[in-house]
Amino acid sequence: MQSNTNNSTSASPLAPGWLAVPEDLNALHAPMWAAGVQRNDDGELAIDGVPVRELKEQFGTPLFVMSEGDFRARARSFKDAFDAAFADICGGVDVYYAGKSFLCTAVAAWVAGEGLRLDTCSGGELAVAARVGIDGANLGLHGNNKSDAEINRALDMKLGRIVVDSLDELERVAKIASGRGDTAKVMLRLTPGVHAHTHEFIATAHEDQKFGLSMAEDSGEAAGLSAAEEAVAAATSYSNVELLGLHCHIGSQIFEPDGFALAAEKLLDFLAEMRAKYSIVLPELDLGGGYGIAYTPVDTPRPPAEIAQAMAAVVRSKCAELDITPPRISIEPGRAIVGTTTFTLYEVGTLKTVRVDVPADALGEAGRDHNVTFPRRYVSVDGGMSDNPRPVLYDADYSAIVASRTSDAAPQLSRVVGKHCESGDIVVRDVYLPEDVAAGDLLAVPGTGAYCWALSSNYNYLARPGVVAVRNGAARLIVRGETEEDLLNRDMGVANV
Ligand SMILES: *Cc1c(COP(=O)(O)O)cnc(C)c1O
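Residues numbered from 1 in each chain as written. Predicted model: local features only at pLDDT ≥ 70, side-chain atom pairs only at ≥ 80, totals over all residues. Heavy atoms only, no water.

## Let's talk about the pattern of salt bridges
Part 1: Across all of its chains, the model carries 30 salt bridges by this definition.
Part 2: One salt bridge in this structure joins Asp156 and Arg180, with 2.8 Å as the shortest N-O distance. Residue Asp156 is found in helix H5 (residues 148-156), and its partner Arg180 is found in helix H6 (residues 167-180); the two are separated by 24 residues along the sequence.
Part 3: Since its relative accessible area comes to 52%, Asp156 is described here as exposed.
Part 4: Relative accessible area serves as the criterion here: at 31%, Arg180 is assigned to the partly exposed category.
Part 5: One salt bridge in this structure joins Arg161 and Glu284, with 3.0 Å as the shortest N-O distance. Linking Arg161 in strand E8 (residues 161-164) with Glu284 in strand E15 (residues 284-286), this pair joins segments that are 123 residues apart in sequence.
Part 6: For Arg161, a relative accessible area of 1% translates into the label buried.
Part 7: Exposure remark for Glu284: the relative accessible area of 17% places this residue in the buried category.
Part 8: Each of Glu68, Arg72, Arg76, Glu114, Arg471 and Arg476 takes part in one network of salt bridges that share partners. (Salt bridge = Lys/Arg side-chain N within 4 Å of Asp/Glu carboxyl O. Helix = DSSP H or I, 4+ residues; strand = E, 2+ residues; numbered from the N terminus. Buried < 20%, exposed > 50% of the residue type's maximum accessible area, 1.4 Å probe, protein only.)

Quick look at the structure:
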């Protein structure tokens, strides 16, 4: 066994440039973890005092481990920060938690309990809200292809808003509402041509995507009109549609407020134009979600108050410039509320080390005529792309630590992989783990609250993991893990072949 200390280890040439060798492999980088997660006196990771080995014994692995207190605190901090920043502009902000990021009845109840509203995008998500008894007035329904059944359900539940995505859908919603003698409360989703991702945004006039009504000048059916303008005119002509306002959502995992600011300005310009042209006053403006979180140590999310103040400054000055009454603002964070509340607990199984060629010139030794090889450790865990498809879908980066103990061993460049029959089945592409990682160790991957369980699958007939919520030192299942019985439940059996 090598005895070099952590500090003497230099970065592997196989590691991406952003990944530093951690000074202390046992330390937790706080922005990636829920409050209440720390190592206990034995060096074992614990959440709200509950150690991970106890969680494994009681619930098995893989397991999603969520802090209820952290979820509630993050929900509240968005609500409080935006309310405070917008208090003197529009009396506060309506915060809709984006249910698609993670939704079950317990979470829906926390959302309602903290004074937030809930965004849904399917009949199934509405069913969760209905099960909890959330008032329809506090629900929104999204989607580019809502079924008639979903629109009817939204009207049955007296939804506060249906976010209409196209001219086609607007006509359908109006027709269904009129057939029932109901009024549909509608927001129009516009595409302002602003696309943001992490630190950059791009602005284009024309949109080439399935969502939303284009604001580009000639995008409508009549010459010179935009689809957005046609939709406003049409919506106000239907007696069974109450047009509340405009909506946009410019992307996800965004750190800089500039993209939100530009989108807000474009929508406020449009609001003023509609007022001037048609004398229509639209009382609401939704600026969507997309606030970024820390998946790795190089991600630096801003606190909600900072984002809220930046956005409030833009709305305030733009409304003053246009001389319009500021609309009531709403936002739709998903990932930024639930993402960091959760880590996934895995058990380590098979280990192997491969040696990878690195060309001499990549090492700055161009004169040398042979390649040098460097080791990469493959650490297999008992889940993978079925409980977290984001690395496969989006090349998403994650981080990991050994959770069941501390280690003084040297850092080794590692790749955490799942157990699926797919070579792309990667959980954490690049991370330094102690070189004494062994089968039976528990590994924790932070930041898996959003779009992991929600996107999980039964690939290779793996049972989807359960979700445990920890509160005040006690863990309880909020969604149980699947069993083999569940996996075979819908299989009609050989008698029907
Ligand atoms: C996905 C989505 C959100 C939430 O995005 P996050 O990145 O999770 O904050 C909000 N609004 C709409 C319309 C969405 O599609």
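## Re the site of the ligand
Part 1: Residues in contact with the ligand amount to 14 residues; listed here are only the nearest, Lys100, Ser252, Glu332, Arg335 and Tyr451.
Part 2: Here an oxygen atom of the ligand sits 3.0 Å away from a polar atom, N or O, in the main chain of Gly334.
Part 3: Here an oxygen atom of the ligand and a backbone polar atom of Arg335 are 2.8 Å apart.
Part 4: Taken by itself the ligand offers 390 Å² of open surface, and the protein chains cover 93% of this.
Part 5: Of the residues contributing to the shell around the ligand, the split by class is three nonpolar, seven polar and four charged. (Near = heavy atom within 4 Å. Polar contact = N/O pair within 3.5 Å; in protein donor to acceptor, adjacent residues only side chain to side chain. Areas by Shrake-Rupley, 256 points an atom, 1.4 Å probe, with all protein chains shown as cover. Nonpolar A, V, L, I, M, F, W, Y, C, P; charged D, E, K, R; others polar.)

## A look at the UniProt feature "binding site: substrate" (unreviewed entry) in the protein
Part 1: Per the UniProt record, "binding site: substrate" (unreviewed entry) is found at Arg335, Arg390, Tyr394, Glu422 and Tyr451. An extended arrangement is adopted by the annotated residues: their sequence extent is 117 residues, and the largest C-alpha distance between any two is 27.1 Å.
Part 2: Residue position: Arg390 is located in helix H11 (residues 390-394).
Part 3: The contact partners of Arg390, leaving out residues within four places of it in the chain, are Tyr295, Arg335, Asp395, Ala396, Tyr398, Ala450, Tyr451, Cys452 and Leu455.
Part 4: Accessibility expressed as a relative area gives 13% for Tyr451, which makes it buried. (UniProt positions renumbered as here; feature names shortened; annotations may be inferred. Contact = heavy atoms within 4.5 Å.)

## A word on unusual backbone geometry
Part 1: The peptide bond linking Thr61 to Pro62 adopts the cis configuration, its omega dihedral lying at -5 degrees.
Part 2: Within the secondary structure layout, Pro62 lies in the loop between helix H1 (52-59) and strand E4 (63-67).
Part 3: Notably, Lys158 is not glycine yet its phi reads approximately 55 degrees, a positive angle.
Part 4: Within the secondary structure layout, Lys158 lies in the loop between H5 and E8.
Part 5: Here Lys158 falls in the exposed class, since its relative accessible area comes to 63%.
Part 6: Residue Tyr461 is not a glycine yet carries a positive backbone phi of 55 degrees.
Part 7: Counting through the fold element by element, Tyr461 comes out in the loop between strand E22 (442-446) and strand E23 (466-471).
Part 8: Residue class for Tyr461 comes out exposed when judged on its relative accessible area of 55%.

## Topic: helix H4 (residues 123-132)
Part 1: Listed as buried for H4 are Gly123, Glu125, Leu126 and Ala129. Considered in projection along H4, the buried side chains sweep an arc of 155 degrees and stay on one side of the axis.
Part 2: Tucked inside the fold, the buried residues of H4 contact strand E6 (117-120), strand E7 (139-141) and H5. (Arc of directions from axis to C-beta.)

## So, a nonpolar patch on the surface
Part 1: On the surface, Leu393, Tyr394 and Leu455 cluster together into a nonpolar patch covering about 310 Å² of accessible area.
Part 2: With respect to the helices and strands, the residue Leu455 is situated in the loop between E22 and E23. (Patch = residues over 30% accessible without salt bridge, like charges linked within 9 Å, V, L, I, M, F, W, Y side chains within 5 Å.)

## Details of the nonpolar core
Part 1: Of all hydrophobic cores here, the largest spans 114 residues; its most connected members are Phe82, Phe86, Tyr97, Val107, Leu188, Leu246 and Ile478.
Part 2: With 10 residues, helix H8 (residues 258-278) is the single largest residue contributor to this core.
Part 3: Both domains that meet at this core, namely domain 1 (30-67 + 340-489) and domain 2 (92-333), each give it at least three residues.
Part 4: Apart from the residues within four sequence positions on either side, Phe86 is in contact with Gly91, Gly92, Val93, Ala308, Met311, Ala312, Val315 and Ile329. (Core = buried A, V, L, I, M, F, W, Y, C linked by side-chain atoms within 4.5 Å. Domains from an automatic or database assignment.)

## A closer look at the packing of aromatic side chains
Part 1: This structure, assessed with the given rule, holds 10 aromatic pairs.
Part 2: Consider the rings of Phe102 and Trp453, whose centres lie 5.0 Å apart with planes at 55 degrees: the pair is tilted. Of this pair, Phe102 sits in the loop between strand E5 (93-98) and helix H3 (105-113) while Trp453 sits in the loop between E22 and E23, placing them 351 residues apart in sequence.
Part 3: With relative accessibility at 1%, the residue Phe102 sits in the buried group. (Phe/Tyr/Trp six-rings, centres within 6.5 Å; stacked < 30°, edge-to-face > 60°.)

## Some thoughts on the domain arrangement of the protein
Part 1: One can read the domain layout of the protein as domain 1 (30-67 + 340-489) and domain 2 (92-333).
Part 2: At the interface, 19 residues of domain 1 touch 13 residues of domain 2.
Part 3: Across the interface of domain 1 and domain 2, roughly 1,400 Å² is buried in total on both sides, 68% from carbon and sulfur atoms.
Part 4: At the junction of domain 1 and domain 2, the tally comes to zero salt bridges.
Part 5: Between domain 1 and domain 2 we count one residue pair in polar contact (both at pLDDT 80 or more) in total.
Part 6: For the side of domain 1 that touches domain 2, the elements supplying multiple residues, two or more each, are E23 and strand E24 (474-479).
Part 7: Top contributing element to the side of domain 1 that touches domain 2 by residue count: E24, with three residues. (Buried area = accessible area lost by both parts, 1.4 Å probe.)

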